[in-house]
Structure formats: C-alpha cells, structure tokens
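Chain residues, written in single-letter form:
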Amino acid sequence: MTAVTTTAPPVAARRVGPGAAGQQTLTLAWRSLVQIKHNPWELLDLSIQPIMFLLLFTYVFGGAISGSTGDYLQFALPGLLVQNALFYTLSTAIGLNTDITKGVFDRLRSLPIARVAPLAGRVLADTFKQVWAFALLVGFGMVLGFRVTTSAAGLLGALALLVLVALAMSWMSVLIGLKASNPEKVQMFSFSVMMPLTFTSSALVPSATFPSWLQAWSDINPVTHLADAIRGLLIGGEVAGPMLVSLLWSAGFTVVFAPLAIRVFRNHI
C-alpha cells in the first residue's frame, strides 16, 4: 500500500476575501498609528516639526520677503502645507524599510492575511497622518493670523488635492523604502530628491524672484503647480490650471512608480 502525502500550502498563500482583506488592512493601519505613542520622534515629525517650520519661515523670512509677517503667512502657509505633505511621504518609505529590516514582513508572511494588507495598511495610516498634519498647520496658522478667504469647500478641496497628490508620490517613496538597505539611506536619498523639488518651486517664495534659468525649471516643477493650486483654493487665485497639471503629475507618478513598487513588494511578502 502506498502512502499518500500532501503538502499544505504556505499560510500566506491562502485566498483572502475582500472583506477580510479590508479588515486586515485596517488592523495594520491601526498598528502603524498606535506606534506613534511608543515613538516620540514620529510625533515630533508629525506635530512639532511642521509648527516649527511655520514659525521659522513666518517670523525669520516673512519681513524680508513680503514686508510683513502677516502678508507672508498668507502666501507661505499653503506652500508649507505642500512641503509638509510631500516630506511626510518619506515616512511611508522609512516605515516600510524598518518593517523589512526588523523582520516584521517575515512574520507577516506566515500569517493568513492578504498580501496587500501590510502595504495598504501603511499607506492608509499615513493618509490619516496627512489629514492630521493639514488640520494642525491650518489651525495653528489661523492662531497666528492666517485666514481662508475662499470657502469651506475650498478648504476641503485643498485637503483632498493634497492627499491625492501625496498618495501618488507615495509610490516613489514605497519603491525607495523597499529597495534601500536601511532607514538611514532611505532618509538620505529621499531628502536629496524632495529638498530641491520644494525649494526650487513657488511654495515658499514667488518664482518671479528667481534667476531666469531657475524660473524656467520652477514653471514645470510639480511642486509649483501644487502650491499654486492649494493657494488658489485657500486664499484665491487661479485653480483650474494648476490643479489640472497637479493631477496629471499625480497620474504620471502613479503610472511610472506603482507597477515598479508593487513588483518589488511582492518579493518581500
């Protein structure tokens, strides 16, 4: 008599329904949010650092750039919202890389969960953090004297656009986080990309003050168009053109980086 042996499939390879996958994503998102209370540095990045930048740029550069801190605050806060949102996409890269280097993904691979849940949970948690940072900056800016001169719809539209663009650019951060060998390299490489994009745009100063060669770059810089769109939604000005360009850039980032990031992610989970 011949014995028949069967090999059970790996736990992570079992099929997971959409409902269970959604619940697992929410659980892992909550895990990322709860980690904040155990990681004071993340709380610093999420809450204290944006306020610090707002105070420094307003009261150190405001008088020199706009003649008064009040005028500069009206101009700069939308740009600071953009800067903070884009810089915070780096937390997605650092969080994923930390989970990989510390073996968290190895443990998740042994669980009967959807393969997409770890990535979706991280991105969802970072989206909540983006909303919090937006509300914090706008609220603190209002304490300093900033005023939304359009409407509540403009404020909500600015938040929606900012989150949408940040999600699109997060695909680049995901790819960096998955490919880098440690979190320090993630931070170093990401800052070397985000810094030039932000500071060569109209986010913090009018691009008309740039040299002609730098102004030509600023005119096509995606951060410039996003800052102009957010500024228009919050305090008035052109909205349709900059918003359309921002959405096109978002689509481009998604089309280019999402397939690459997903391909690398499948090798880790």
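In what follows, the structure referred to is the one given above.
Presented here is a report on the structure given in the accompanying data block. (Residues numbered from 1 in each chain as written. Predicted model: local features only at pLDDT ≥ 70, side-chain atom pairs only at ≥ 80, totals over all residues. Heavy atoms only, no water.)

Below, the discussion takes up the pattern of salt bridges. Per the counting criterion, the structure on display carries 2 salt bridges. As a salt-bridge pair, R231 and D228 come within 3.3 Å of each other at their nearest N and O atoms. Of this pair, R231 and D228 both sit in helix α9 (residues 222–235), 3 residues apart, which is roughly one turn of that helix. The exposure class assigned to R231 is buried, which follows from its relative accessible area of 9%. For D228, a relative accessible area of 28% corresponds to the partly exposed category. (Salt bridge = Lys/Arg side-chain N within 4 Å of Asp/Glu carboxyl O. Helix = DSSP H or I, 4+ residues; strand = E, 2+ residues; numbered from the N terminus. Buried < 20%, exposed > 50% of the residue type's maximum accessible area, 1.4 Å probe, protein only.)

Here the structure, examined in full by the defined rule, presents 6 aromatic pairs. Geometrically, the ring pair formed by F57 and F61 is tilted, given 5.4 Å between the ring centres and 40 degrees between the ring planes. Linking F57 with F61, this pair stays in helix α2 (residues 40–66), spanning 4 residues, or about one helical turn. For the ring pair F253 and F257, a centre distance of 5.8 Å and an interplane angle of 20 degrees mean the geometry is stacked. Taken together, the residues span about one helical turn, with F253 and F257 both in helix α10 (residues 240–266) at a distance of 4 residues. Exposure remark for F253: the relative accessible area of 11% places this residue in the buried category. (Phe/Tyr/Trp six-rings, centres within 6.5 Å; stacked < 30°, edge-to-face > 60°.)

In this section: the side chain of R231. At a separation of 3.3 Å, a polar atom in the side chain of R231 contacts the side chain of D228. Setting aside chain neighbours within four positions, we find R231 in contact with F75, P78, G79, S202, A203 and G236. (Polar contact = N/O pair within 3.5 Å; in protein donor to acceptor, adjacent residues only side chain to side chain. Contact = heavy atoms within 4.5 Å.)

Moving on: helix α1 (residues 18–34). Under the 1.5 Å per step criterion, the end-to-end length of α1 is 24 Å for 17 residues, consistent within 8% with the ideal 24 Å. Within the sequence span of α1, burial applies to A21, Q24, T25, L28, A29 and S32. Taken down its axis, α1 places every buried residue within 140 degrees of arc, on the same side. Turned more than 90 degrees off the buried face of α1, the exposed positions are G19, Q23, L26 and W30. On the buried face of α1, the contacting elements are α4 (104–109) and α5 (117–144). (Expected span 1.5 Å × (residues − 1). Arc of directions from axis to C-beta.)

A grouping of M52, F53, L56, V60, F61 and I65 is seen on the molecular surface, where their side chains present a nonpolar patch of about 500 Å² in accessible area. Residue class for F61 comes out partly exposed when judged on its relative accessible area of 40%. (Patch = residues over 30% accessible without salt bridge, like charges linked within 9 Å, V, L, I, M, F, W, Y side chains within 5 Å. Areas by Shrake-Rupley, 256 points an atom, 1.4 Å probe, with all protein chains shown as cover.)

Once that is clear, we can look at the environment of F199. By the secondary structure assignment, F199 is in helix α7 (residues 183–199). Each C-alpha atom of the pair F199 and L156 lies 25 Å from the other, and the pair is 43 residues apart in sequence. Not counting the four nearest positions on each side in its chain, F199 is found in contact with F57, Q83, L204 and F210.

Where helix α6 (residues 152–179) contacts α9, the two axes come as close as 8 Å, and the packing angle between them is 160 degrees. In terms of axis orientation, α6 runs roughly antiparallel to α9. Between α6 and α9 the crossing geometry is left-handed. Seen from α6, the contacting residues are G154, L155, G157, A158, L161, L162 and V165; seen from α9, they are L226, A229, I230, L233 and L234. The residue inventory of the contact of α6 with α9, partitioned by class, reads 10 nonpolar, 2 polar and no charged. (Axes fitted to C-alpha atoms, helices over the stretch in contact; angles between N-to-C directions. Parallel < 35°, antiparallel > 145°, perpendicular 65-115°, else oblique. Left-handed = near helix turned anticlockwise from the far one by under 90°. Nonpolar A, V, L, I, M, F, W, Y, C, P; charged D, E, K, R; others polar.)

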